[in-house]
Amino acid sequence: MNRSFPGKRNGTLEERIAHKLIQTFNNVDCLIDFHSFHYDSPPFAVMTGISKKEIKLASTIGLKENVIMTGRGVSFVEQVKLGIGVELGVVNDPKRKQRALRVIRNVLSSFEMISEDRKVKLQQNYYTAEEKTRVSNSFVLSPTIKNFKYVKKGTVLGIENGKNVVVAEGFYPILLK
């Protein structure tokens, strides 16, 4: 659904829901959009810009890994004044609920909306998603490739149509699905 925004009044079901969500939440001060994903990965925040407000919000969330993805225009958080996506873990991970509650407490405490001493002091990493690569259905990712773990030039990325796909230039993968 996250690629359905800003939605359409008379579109598909997902587009109609996205349109209604935008109408409902377009005037909020801050939006945190929680997600799960399909790759084994630490939780991370997805920012759509690098304004001072976005950096401050990311710093309050308390996640080590932060990804900056700009210029897509199709996510919920891009439709509001200040928003950030939070990828909590794989779909069946029982810790997702606790992670979401911790993020909410961190943000509310940081903005002094609740009185908990949860000031986040964490070395955070920021990654810029410069390029989005789609792979064919026949591509099988190597199990050694992990989110935020540097992949060196010459490493086998995976197998496609029975042949090794080798990395031409080192990079930090950000696997979203």
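See the structure printed just above.
Rules used throughout
Residues numbered from 1 in each chain as written. Predicted model: local features only at pLDDT ≥ 70, side-chain atom pairs only at ≥ 80, totals over all residues. Heavy atoms only, no water. Patch = residues over 30% accessible without salt bridge, like charges linked within 9 Å, V, L, I, M, F, W, Y side chains within 5 Å. Areas by Shrake-Rupley, 256 points an atom, 1.4 Å probe, with all protein chains shown as cover. Salt bridge = Lys/Arg side-chain N within 4 Å of Asp/Glu carboxyl O. Buried < 20%, exposed > 50% of the residue type's maximum accessible area, 1.4 Å probe, protein only. Helix = DSSP H or I, 4+ residues; strand = E, 2+ residues; numbered from the N terminus. Pairing = 2+ DSSP bridges. Right-handed = clockwise from strand over helix to strand, strands pointing away. 1 Å grid on protein atoms, 1.4 Å probe; cavity = no way out; pocket = protein on both sides within 12 Å on 5 of 7 lines; lining within 4 Å. Points joined across faces, edges and corners; volume = space filled by probe spheres on them. Nonpolar A, V, L, I, M, F, W, Y, C, P; charged D, E, K, R; others polar.

Taken together, the side chains of Ile50, Ile55 and Tyr126 make up a nonpolar region of the molecular surface, amounting to roughly 270 Å² of accessible area. Judged by its relative accessible area of 33%, Tyr126 falls in the partly exposed class.

All right, on to the pairing of strand S2 (residues 44-47) then. Burial of S2 is two-sided: the residues Phe44 and Val46 facing one way and the residues Ala45 and Met47 facing the other way are all buried. Bridge count for S2 against strand S3 (residues 65-68) is 4 bridges, and the pairing is parallel. Bridge pairing in S3 places Met47 opposite Ile68. Remark: the S2/helix H2 (residues 52-61)/S3 crossover connection has right-handed handedness. Bridge analysis of S2 against strand S4 (residues 83-90) gives 3 bridges, and the strand direction is antiparallel. Residue Phe44 lies in a different strand from S4, and its bridge partner there is Glu87.

For the coordinates displayed, the defined rule picks out 2 salt bridges. For Lys8, the salt bridge identified is with Glu15, shortest N-O distance 4.0 Å. Ionic pairing is found between Asp93 and Arg99, a salt bridge with its closest N-O pair at 2.8 Å. Across the pair, Arg99 and Asp93 agree in class, each one buried.

Turning our eyes to something else, we now look at the layout of surface pockets. Computed from the structure, the second largest pocket encloses a volume of approximately 200 Å³. Asp29, Cys30, Ile32, Phe34, Ile104, Val107, Leu108, Phe111 and Met113 together form the lining of the second largest pocket. Secondary structure elements with two or more residues in the lining of the second largest pocket: strand S1 (31-37) and helix H3 (96-110). Of the residues assigned to the lining of the second largest pocket, the class counts are 8 nonpolar, no polar and 1 charged.

Time to look at the pairing of strand S8 (residues 163-166). Along a regular strand, successive side chains alternate from one face of the sheet to the other. In this sheet, S8 lies alongside strand S7 (residues 156-160) in antiparallel orientation, the contact comprising 4 bridges. In the sheet register, Ile159 faces S8, and the bridge partner there is Asn164. In sequence, S7 turns back onto S8 through a hairpin of 2 residues, with Asn161 there showing a positive phi of about 50°.

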